[in-house]
Amino acid sequence: MENKILQQIEAYLNYKISKEEYTRIIEEYFDLHGNELMSRNPLFYQTFMDWIPDICFFYVYEPDTEYYKERDFYRNMESVYTELLKVK
């Protein structure tokens, strides 16, 4: 389960999906598997929840210059990916 979430982040970081696609995929995945993840790995779950919802909301749904949103979304996703690897 943790690997699937990391793979989804990797897909974005490797330019295979857009930030909008990532947001849609992770919302659907988390709706289906969030409770299971919370029981399996609470630290991974908490780290994910501390970062991803705000990143997706701010850089996908909030208005701003697209260049800055893309750049900052990418930077934040790199950071969260590193943090999630530590607690995997």
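Residues numbered from 1 in each chain as written. Predicted model: local features only at pLDDT ≥ 70, side-chain atom pairs only at ≥ 80, totals over all residues. Heavy atoms only, no water.

Draft legend 1. Focus on the overall build of the protein. When helices and strands are counted, the protein shows 4 helices and 0 strands. Its helices and strands in sequence order give the protein the pattern α-α-α-α, from N to C terminus. Computed over its C-alpha atoms, the radius of gyration of the protein comes to 12 Å, within 12% of the 12 Å expected for a compact globule of 88 residues. Its C-alpha atoms put the protein at 40 × 25 × 20 Å along the principal axes. Residue burial in the protein is summarised as follows: out of 88 residues, 42% are buried. Pairs at least 24 residues apart make up 69% of the contacts formed inside the protein by residues separated by at least 6 positions. Total accessible area on the protein is roughly 5,400 Å²; 50% of this is exposed by carbon and sulfur atoms. Averaging the positions of the 10 positive and the 17 negative side-chain charges in the protein gives two centres separated by 6 Å. (Helix = DSSP H or I, 4+ residues; strand = E, 2+ residues; numbered from the N terminus. Rg over C-alpha atoms; globule rule 2.2 N^0.38 Å. Buried < 20%, exposed > 50% of the residue type's maximum accessible area, 1.4 Å probe, protein only. Contact = heavy atoms within 4.5 Å. Areas by Shrake-Rupley, 256 points an atom, 1.4 Å probe, with all protein chains shown as cover. Lys, Arg positive; Asp, Glu negative; His and termini not counted. Charge placed at Lys NZ, Arg CZ, Asp CG, Glu CD.)

Draft legend 2. How the structure looks around the confidence of the model for the protein. For the protein, the average pLDDT comes to 92, and 100% of its residues sit at 70 or higher. Of all helices and strands in the protein, the one with the weakest mean pLDDT is helix α3 (residues 42-61) (91), whereas helix α1 (residues 2-13) scores best (96). (pLDDT = per-residue confidence, 0-100.)

Draft legend 3. Inspection of the packing of helix α2 (residues 19-40) against α3 at higher detail. Interaxial distance between α2 and α3 falls to 11 Å at its minimum, and their mutual angle equals 155°. Taken together, the axes of α2 and α3 lie roughly antiparallel to each other. As α2 packs across α3, the resulting crossing turns out to be left-handed. Counted together, Lys19, Glu20, Tyr22, Thr23, Ile26, Glu27, Phe30, Gly34, Leu37, Met38, Ser39 and Arg40 of α2 and Pro42, Phe44, Tyr45, Phe48, Met49, Ile52, Cys56, Tyr59, Val60 and Tyr61 of α3 form the full contact between these two elements. Its residues assigned to classes, the contact of α2 with α3 comprises 15 nonpolar, 3 polar and 4 charged. (Axes fitted to C-alpha atoms, helices over the stretch in contact; angles between N-to-C directions. Parallel < 35°, antiparallel > 145°, perpendicular 65-115°, else oblique. Left-handed = near helix turned anticlockwise from the far one by under 90°. Nonpolar A, V, L, I, M, F, W, Y, C, P; charged D, E, K, R; others polar.)

Draft legend 4. Main features of the pattern of salt bridges. Overall, the coordinates contain 7 salt bridges when judged by the stated rule. Residue Glu20 pairs with Lys19 through a salt bridge whose shortest N-O separation is 3.0 Å. Of the residues examined, Lys19 reaches a relative accessible area of 1% and is grouped as buried. One network of salt bridges, with partners in common, ties together Lys19, Glu20 and Glu70. (Salt bridge = Lys/Arg side-chain N within 4 Å of Asp/Glu carboxyl O.)

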